[in-house]
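The residues making up each chain are set out below.
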Amino acid sequence: MKAVIFNLGCKVNQYESDALAQELCQRGYEVSSELEYADIYVINTCAVTAEAERKSRQAITRCLKHNPKAKVFVWGCAGEYHPEKFQKPQVAYIWGAKDKSRIINIIDKENNPLSDKPHENSHSSFRTRAYVKVQDGCDNFCSYCIIPYLRGRSRSRDIEEIYREIQSLSQHNAEIVLTGINLTLYGKDKGASFADLIRRIKDIDVRIRLGSFHAEGLTEELLDALFQLKQFCPHFHLSLQSGDNDVLRSMNRRYTAEEYVDKIKLIRSYDANAAITTDLIIGYPTETQKMFENTVEFVKKAKFADIHVFPYSAREGTAAAKLKLLPKDIVSGRVAVMLELKKDLQKNYLNANIGITQKVLFEEESKGIKSGYSERYIRVYAKSDAQTAEVLPKEIYKDGLMGEVII
Ligand code: SF4
């Protein structure tokens, strides 16, 4: 029996989709993540914005185009948030976001794979990157965010269990991305800390990259541990959302603009060229033109390597959903300004890395030129026969840097 797992949303969703794929293979299903013909489709949905929810619903139609008789299983945050919106004849089951691992039993109960011999798992071949979820849920209740209502309170996986998983994955993957809904809260429910976890995995020789992180959780103790890893990727996706203190307060974020700047300085005291990227919500209901300009000035000064720009999306059930929305043209005008700034920041960061050796994991090849991400999350292009190489960038090329292999 063939199953397609269609993944939307965050790295935690990606991890859960990968884990489900492994389990289904163990139970004899042929599994793919490509949108193609299948007997069953499992859609791992997202509800972080209205657009993400719309894409989750649209995914049902896109899957059924390949097999109108197939069974569809809806899974995850959008299924938890608005199950009623997914009720369609072909949808065999709608499962939420709180205890996602149990969906395997439902799929199995609904279907019995024609063979119980484990199926060759396309996921066991050597891959570039694997995600490891170390924490789920969140306790922060930022005013605009629906996630704590969907995924529940923060809960951490056991350090030894994570250690074993990373050790086994490091046999098949060149890079491990540590991810969670709020990594900063890791260990709080177990009397441990994220720094404890990092210290525990320090002898595993595999590239370690962090998923999104929060400024309030970045400490010298943690940075000491991170920079002692064998292969740490100095790339911090440090969620900012706004550069204005009044907006940050209204969002119920846990830092001020000044505290965030201190964290950037702290990171750069360990690695002056570390990649710092961020998320920005533009057009938050209480954001005035002056507050928006404060954010623009903040972003310019912070010299981010890249910024992800999201127009505010009201999520019913959150504290912010009660606030009056800004006019659409105001929001889109501000988003356009930020997207122009994004291009400049990307170009400046690429220029700043010309002549600085990059450790690259090649993932693609086209016309004899390989490309992949460096430890600073820069797309690097070069001629090479290897899967990994140290490359000296010479010039900006497409969305990254073109260079020559030096080792
Ligand atoms: S920290 Fe805030 S934005 Fe992030 S998941 Fe928690 S509530 Fe949502």
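This is a predicted model, so every value here is computed, not measured. (Residues numbered from 1 in each chain as written. Predicted model: local features only at pLDDT ≥ 70, side-chain atom pairs only at ≥ 80, totals over all residues. Heavy atoms only, no water.)

What follows deals with helix 10 (residues 257–270). Helical geometry note: an α-helix holds 3.6 residues per turn, so side chains three or four residues apart project in the same direction. Taking 1.5 Å per residue as the helical rise, helix 10 with its 14 residues ought to reach 20 Å, and the 21 Å between its terminal C-alpha atoms agrees with that figure. Burial in helix 10 covers these residues: A257, Y260, K263, I264, L266 and I267. (Helix = DSSP H or I, 4+ residues; strand = E, 2+ residues; numbered from the N terminus. Expected span 1.5 Å × (residues − 1). Buried < 20%, exposed > 50% of the residue type's maximum accessible area, 1.4 Å probe, protein only.)

Let us now look at the sheet that holds strand 1 (residues 2–7). A sheet is described by the order of its strands in space; here five strands give the open sequence 2-1-3-4-5, paired in parallel fashion. Looking at strand neighbours, the two that pair on one side only are strand 2 (30–32) and strand 5 (91–95), the edges of this open sheet. Direction aside, neighbouring strands of the sheet carry axes that sit 20° apart on average. Relative to strand 5, strand 4 (residues 71–76) is paired through four bridges, and the arrangement is parallel. Across the sheet, the residue bridging to W75 is W95, located in strand 5. Lying over the sheet, helix 1 (residues 11–26) contacts strand 1, strand 2, strand 3 (40–45) and strand 4, oriented at roughly 175° with respect to strand 1. (Pairing = 2+ DSSP bridges. Axes fitted to C-alpha atoms, helices over the stretch in contact; angles between N-to-C directions. Contact = heavy atoms within 4.5 Å.)

Turning our eyes to something else, we now look at the pattern of salt bridges. All chains considered together, the criterion is met by 31 salt bridges. Here K133 and D136 are joined by a salt bridge, their closest N and O atoms 3.1 Å apart. Here K133 matches D136 in class, with each residue buried. (Salt bridge = Lys/Arg side-chain N within 4 Å of Asp/Glu carboxyl O.)

In the region of the ligand, the neighbouring residues are C138, N140, F141, C142, Y144, C145, P148, I181, N182, H214 and R253. Looking at side-chain class alone, the shell around the ligand contains seven nonpolar, three polar and one charged residues. (Near = heavy atom within 4 Å. Nonpolar A, V, L, I, M, F, W, Y, C, P; charged D, E, K, R; others polar.)

Each assigned domain of the chain is listed here: domain 1 (2–110), domain 2 (125–352) and domain 3 (358–405). Between the C-alpha centres of domain 1 and domain 2 there is a distance of 26 Å. Tallying the contact residues gives 20 residues for domain 1 and 22 residues for domain 2. Surface buried jointly by domain 1 and domain 2 totals about 1800 Å² across both partners, of which 57% is contributed by carbon and sulfur atoms. Ranking the residues of domain 1 by area buried against domain 2 places K11, Y15 and Y81 at the top, with a combined share of 36%. (Domains from an automatic or database assignment. Buried area = accessible area lost by both parts, 1.4 Å probe.)

Spatial strand order, 11-12-13: three strands in an open sheet with parallel pairing. Across the chains shown, the open sheet's two edge strands, defined by having one partner strand only, are strand 11 (235–237) and strand 13 (306–311). Adjacent strand axes in the sheet meet at a mean angle of 15° when their direction is disregarded. Relative to strand 13, strand 12 (residues 275–282) is paired through six bridges, and the arrangement is parallel. Its bridge partner being in strand 13, T277 is matched across the sheet by D306.

A few words on the packing of aromatic side chains. The full count for this structure, using the stated rule, is 14 aromatic pairs. Ring geometry for F141 versus Y149: centroids 5.2 Å apart, planes at 80°, classification edge-to-face. One aromatic cluster is present, formed by F227, F232, F236 and Y270 through successive ring pairs. Over the ring of Y163 we find R200; its NZ or CZ atom is 3.7 Å from the centre of that ring. Taking NZ or CZ as reference, R379 lies 4.9 Å from the ring centre of Y373, over its face. (Phe/Tyr/Trp six-rings, centres within 6.5 Å; stacked < 30°, edge-to-face > 60°. Lys NZ or Arg CZ within 6 Å of the ring centre and 35° of its normal.)

Between helix 11 (residues 289–302) and helix 12 (residues 328–353), the shortest axis-to-axis distance is 11 Å and the interhelical angle comes to 5°. Compared by their axis directions, helix 11 and helix 12 come out roughly parallel. Between helix 11 and helix 12, the contacting residues are Q289, F292, T295, V296, V299 and K300 on the first element and R334, V337, M338, L341 and L345 on the second. Residues of the contact of helix 11 with helix 12, tallied by class, amount to seven nonpolar, two polar and two charged. (Parallel < 35°, antiparallel > 145°, perpendicular 65-115°, else oblique.)

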